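Structural overview
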Amino acid sequence: QVQLVESGGGLVQPGGSLRLSCAASGRIISILSMGWYRQAPGKQRDLVAAITSGGVTNYGDSVKGRFTISRDNAKNTVYLQMNSLKPEDTAVYYCNTLPSLRDYWGQGTQVTVSS
């Protein structure tokens, strides 16, 4: 069975950067499309970035130009580089397949952007 573990979150000031990691216990990183999702209090969980098995990327309008999703098949890991962070980016960030699968949701990693 596949397990996805997110890490790299923390507290950062506006304009700062963080790099999130999503480690997979299986080889799904190289097989399936993967996405980073986030959920803020009182809001739905939204897809913010995605990457296909072929390396094609897509981004939500609110993060385009600031976030970069990448993949390391050898390490079975997906990354999310987040630059120019804004308070509105504060959320719990999750990785999952695209479309998402219920059994693959992990704990997520908290990102807080505040001065």
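Everything here concerns the structure above.
First, a word on scope: everything that follows refers to the structure included in this document. (Residues numbered from 1 in each chain as written. Predicted model: local features only at pLDDT ≥ 70, side-chain atom pairs only at ≥ 80, totals over all residues. Heavy atoms only, no water.)

1. Details of unusual backbone geometry
Note the following rule: Secondary structure is summarised from DSSP: a helix means a run of H or I of at least four residues, a strand means a run of E of at least two, and numbering begins at the N terminus for each.
In this structure, the amide linkage connecting Leu 98 to the following residue, Pro 99, adopts the cis form with an omega of -5 degrees. Within the element layout of this structure, Pro 99 appears in the loop between strand E9 (91-97) and strand E10 (109-113). Within the chain, Ser 84 stands out as a residue other than glycine whose phi angle is a positive 50 degrees. Within the secondary structure, Ser 84 is located in the loop between strand E8 (77-82) and E9.

2. Let's talk about the sheet that holds strand E2 (residues 10-12)
We apply this condition: Being paired, for any two strands, means DSSP has found at least two bridges between them. Helix axes are fitted to C-alpha atoms over the stretch in contact, other axes to C-alpha atoms as well, and angles between N-to-C directions run from 0 to 180 degrees.
Taken in spatial order, the 6 strands of this open sheet run E2-E10-E9-E4-E5-E6, and their pairing is mixed. Where the open sheet ends on each side, the last strands, each with one partner, are E2 and strand E6 (57-59). For this sheet, the mean inter-axis angle between neighbouring strands, taken without regard to orientation, is 25 degrees. Direction of pairing for strand E4 (residues 34-39) relative to E9: antiparallel, over a ladder of 6 bridges. Among the inter-strand pairings, Arg 38 is bridged to a residue of E9, identified as Tyr 93.

3. Brief notes about the state of the cysteines
A covalent bond between the sulfur atoms of two cysteines is what we call a disulfide. The line we're drawing: Defined by distance alone, a disulfide is two cysteine sulfur atoms within 2.5 Å. Each residue's exposure class comes from its accessible area (1.4 Å probe, protein chains only) as a fraction of the maximum for that residue type: buried when under 20%, exposed when over 50%, partly exposed otherwise.
In total, this model carries 1 disulfide according to the counting rule given. Each disulfide pairs two cysteine sulfurs, and for Cys 22 the partner residue is Cys 95, the sulfurs being separated by 1.8 Å. Its S-S torsion of about 65 degrees marks the bond between Cys 22 and Cys 95 as right-handed, since a negative value means left-handed. Residue Cys 22 is found in strand E3 (residues 18-24), and its partner Cys 95 is found in strand E9; the two are separated by 73 residues along the sequence. Residue classification places Cys 95 among the buried positions, given a relative accessible area of 1%.

4. A few points about the environment of Thr 77
This is how it is decided: Throughout, a residue-residue contact means that at least one pair of heavy atoms, one from each residue, lies within 4.5 Å.
Tracing the sequence through the fold places Thr 77 in strand E8. Judged by relative accessible area, which is 8%, Thr 77 ranks as buried. Separated by 39 residues in the primary sequence, Thr 77 and Arg 38 place their C-alpha atoms 18 Å from one another. Setting aside residues no more than four positions away along its own chain, Thr 77 makes contact with Ser 21, Cys 22, Ala 23, Ile 29, Ser 70, Arg 71 and Asp 72.

5. Some remarks on the packing of aromatic side chains
Operational definition: Two rings belonging to Phe, Tyr or Trp (six-membered ring only in the last case) form a pair when the distance between their centres is within 6.5 Å. Interplanar angles under 30 degrees mark stacking, angles over 60 mark edge-to-face geometry, and anything in between is tilted. Only Lys NZ and Arg CZ are tested; either one counts as a charge over a ring when it is within 6 Å of the ring centre and within 35 degrees of the ring normal.
Applying the stated criterion across every chain, the model contains 2 aromatic pairs. Taking 5.1 Å as the distance between ring centres and 75 degrees as the angle between the ring planes, the aromatic pair formed by Tyr 37 and Trp 105 counts as edge-to-face. On the criterion of sequence distance, the pair formed by Tyr 37 in strand E4 and Trp 105 in the loop between E9 and E10 is long-range, its members being 68 residues apart. For Tyr 37, a relative accessible area of 8% gives the class buried. When the centroid spacing of 5.8 Å and the interplanar angle of 85 degrees are considered together, the rings of Tyr 94 and Trp 105 count as edge-to-face. Of this pair, Tyr 94 sits in strand E9 while Trp 105 sits in the loop between E9 and E10, placing them 11 residues apart in sequence. An aromatic cluster of three or more residues is present, and its members are Tyr 37, Tyr 94 and Trp 105. Here Arg 19 stacks its cationic end above the ring of Tyr 79, 3.9 Å away from the centre of that ring.

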